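In case you want the letters, here they are:
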Amino acid sequence: PLVRGSRREVVPFAVLLLAFPRPPEAMASEAPSGVDPVMWKALLKWSLQQQNDGTHQTEFKAMSAENKAWLEEVMRDGVVDLVARAGEIIDMFRGALASKTSAEGGEQEEGAEDLVALAEELEDIVDQIDFAKSLVQIGGVGPLLQVVQCKAMDAPVRAGVLSVLKTVVQNNPFAQDALHQSGALKLFMDLFYDATDAPSIRTGALGAISCLVRGHSGLESAFTAPEGGGVDVLAACIESSGEDAQRQTKGLFLLRALVSSDFSTPELARRVNDRLGDRIVELAANPSPDAGSFSVDLGDKAIEALTALAASGAAEPLFAGHRTAIAAARASTQTASGNQDLSEDERQATADRLALWDALLQLAPSE
């Protein structure tokens, strides 16, 4: 709520309109001169939430000149312009990048911890899709892509910036187009495959790939085409060792999203099954003991991936090769569910796993 002095004041939007008279058709949508329109809309939403619930009468009257002046000051001087702030953060990253890459070196004001904090602040800003679009429009993508490529920058900083880019493109076709035109998909794939880089960078690159391509028809098609390398990325995740259970789980999630997408084809499901079906069945039936806390989630994600493959056009080849193994794994889960020594959480997890197996088996072709 807006606070003036020691008083906490709820300012109904109707009162704000009286304070800032404008033509009727503009009242609800146009901000007063000098006031951020985004913040004005947010204030409208907040103010409407604060009005009474209809159980008693509310009396509105015009603001006093003193209150009007105070509110104008709050809106103009007390609210951060988030687009401008995003631009300031980008400039700080530009400066940090220059200090790492220029021949003269240069003096860097921000340390690694400061830059990580700036990346977190920027991610909070672009979590709103309008501000994500604004970041693209003010030219923020290029410098951020340069940061993640620069191995002279500290790995936590680069990982933080990858997370920013991931947030920018997620469910945002405008930003997905912009990053694709900037060559981001190839850049992220190169980072993912670079075994000399920090694990946090490779994991961050995988997340960025996933957010960049998912839900975008052109990018999904390009990524999953035989020459696009997408199935190879999935294989690099899913075929990795049990020590990489987090990467395996992320790879299974991306696989499921891609083969279940409105833009997918049965041909893709069959191609993925031919390449990875054996490994996914193995992970579903016997999650690696090295997976630690990811073990249960890994097994469930593997069954869900198999179900997605079967539902998307690969049921016949999947069950032709693995019907017996799938039935045996289901029977093993059924047996485990009867163990009286299971905790309540373990019992629920086993019941959930059994339901996943049953959903998969419902897609099995008749023998």
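A quick note: this is a predicted structure, and the numbers were derived from the prediction, not measured.

**Topic: the overall build of the chain**
Regarding its fold elements, the chain presents 17 helices and two strands. The 367 residues of the chain split such that 45% are buried. The long-range share in the chain, meaning contacts at least 24 apart out of those at least 6 apart in sequence, stands at 70%. Counting only carbon and sulfur atoms, one obtains 50% of the accessible surface of the chain, whose full area is about 18,600 Å².

**Section: the pattern of salt bridges**
Close approach of charged atoms lets side chains of opposite charge pair. Under the definition given, this model contains 14 salt bridges. In this structure, D232 and R275 form a salt bridge, with 2.8 Å as the shortest nitrogen-oxygen distance. Here the residue D232 occupies a position in helix α13 (residues 230-238), and R275 occupies one in helix α15 (residues 266-285), the gap between them amounting to 43 residues. In this structure D232 comes out as partly exposed when scored by relative accessible area, which is 35%. A single network of salt bridges, built from pairs that share partners, joins R85, E88 and E121.

**Comments concerning helix α11 (residues 199-213)**
Helix length check: α11 (15 residues) gives 21 Å between terminal C-alpha atoms against 21 Å at 1.5 Å per residue, within 8%. Counted residue by residue, α11 has eleven buried out of 15 residues, so it is predominantly covered. If you check which residues of α11 are buried, you get I201, R202, A205, L206, G207, A208, I209, S210, C211, L212 and V213. Along its buried surface, α11 packs onto α8 (155-169), α9 (173-181), α10 (184-193), α12 (217-224), α13 and α14 (245-259). At the C-terminal side of α11, G215 shows a positive phi close to 80 degrees.

**Quick word on the packing of helix α5 (residues 112-126) against α8**
It is at 9 Å that the axes of α5 and α8 come closest, and there the two elements cross at 5 degrees. Between α5 and α8, the crossing angle belongs to the class labelled roughly parallel. Listed contacts from α8 to A112, L115, V116, A119, L122, E123 and V126 of α5 are P156, V157, G160, V161, S163, V164, T167 and V168. Its residues placed into classes, the contact of α5 with α8 shows eleven nonpolar, three polar and one charged.

**A look at the environment of A315**
If you trace the backbone, A315 turns up in helix α16 (residues 295-337). Here A315 falls in the buried class, since its relative accessible area comes to 13%. When the C-alpha positions of A315 and A364 are compared, they lie 6.4 Å apart, and in sequence the two are 49 residues distant. Leave out the neighbours within four places in its chain, and A315 touches L309, A310, L363 and P365.

**A closer look at the nonpolar core**
Core analysis: the largest hydrophobic core is formed by 87 residues, its most contacted members being F93, F188, L255 and I280. When residues of this core are assigned to their parent elements, the largest contribution, 14 residues, is made by α16.

**Details of the packing of α13 against α14**
As a packed pair, α13 and α14 sit with axes 7 Å apart at the nearest point and diverge in direction by 145 degrees. Considering how the two elements wind past one another, α13 and α14 form a crossing that is left-handed. Seen from α13, the contacting residues are L234, A236, C237 and I238; seen from α14, they are R247, Q248, G251, L252, L254, L255 and L258. Here the contact of α13 with α14 is built from residues that sort into eight nonpolar, two polar and one charged.

**Observations concerning the packing of aromatic side chains**
In total, this model carries one aromatic pair according to the counting rule given. With a centroid separation of 5.2 Å and an interplanar angle of 65 degrees, the aromatic rings of F192 and Y193 are classed as edge-to-face. A cation sits over an aromatic face here: R202 above F192, 6.0 Å from the ring centre.

**Thoughts on helix α4 (residues 82-101)**
The end-to-end C-alpha distance of α4, which contains 20 residues, comes to 28 Å, matching closely the 28 Å that a straight helix rising 1.5 Å per residue would cover. For α4, the set of buried residues is R85, A86, G87, I89, I90, F93, A96, L97 and S99. In this structure, the buried side of α4 is in contact with α5, α6 (129-137), α7 (141-149) and α8. Sitting at the head of α4, D81 places a side-chain oxygen 3.2 Å from the backbone nitrogen of V83.

**Describing the environment of E220**
Following the sequence through the fold, E220 ends up in helix α12. With relative accessibility at 6%, the residue E220 sits in the buried group. Remark: the alpha-carbon pair of E220 and S261, spanning 41 residues in sequence, is separated by 8.8 Å. Non-local contacts of E220, meaning those with residues more than four positions away in its chain, are made with V213, R214, G215, L258, S261 and F263. Here the side chain of E220 touches S261 through a polar contact of 2.7 Å, side chain to side chain.

About the thresholds
Residues numbered from 1 in each chain as written. Predicted model: local features only at pLDDT ≥ 70, side-chain atom pairs only at ≥ 80, totals over all residues. Heavy atoms only, no water. Helix = DSSP H or I, 4+ residues; strand = E, 2+ residues; numbered from the N terminus. Buried < 20%, exposed > 50% of the residue type's maximum accessible area, 1.4 Å probe, protein only. Contact = heavy atoms within 4.5 Å. Areas by Shrake-Rupley, 256 points an atom, 1.4 Å probe, with all protein chains shown as cover. Salt bridge = Lys/Arg side-chain N within 4 Å of Asp/Glu carboxyl O. Expected span 1.5 Å × (residues − 1). Axes fitted to C-alpha atoms, helices over the stretch in contact; angles between N-to-C directions. Parallel < 35°, antiparallel > 145°, perpendicular 65-115°, else oblique. Nonpolar A, V, L, I, M, F, W, Y, C, P; charged D, E, K, R; others polar. Core = buried A, V, L, I, M, F, W, Y, C linked by side-chain atoms within 4.5 Å. Left-handed = near helix turned anticlockwise from the far one by under 90°. Phe/Tyr/Trp six-rings, centres within 6.5 Å; stacked < 30°, edge-to-face > 60°. Lys NZ or Arg CZ within 6 Å of the ring centre and 35° of its normal. Polar contact = N/O pair within 3.5 Å; in protein donor to acceptor, adjacent residues only side chain to side chain.

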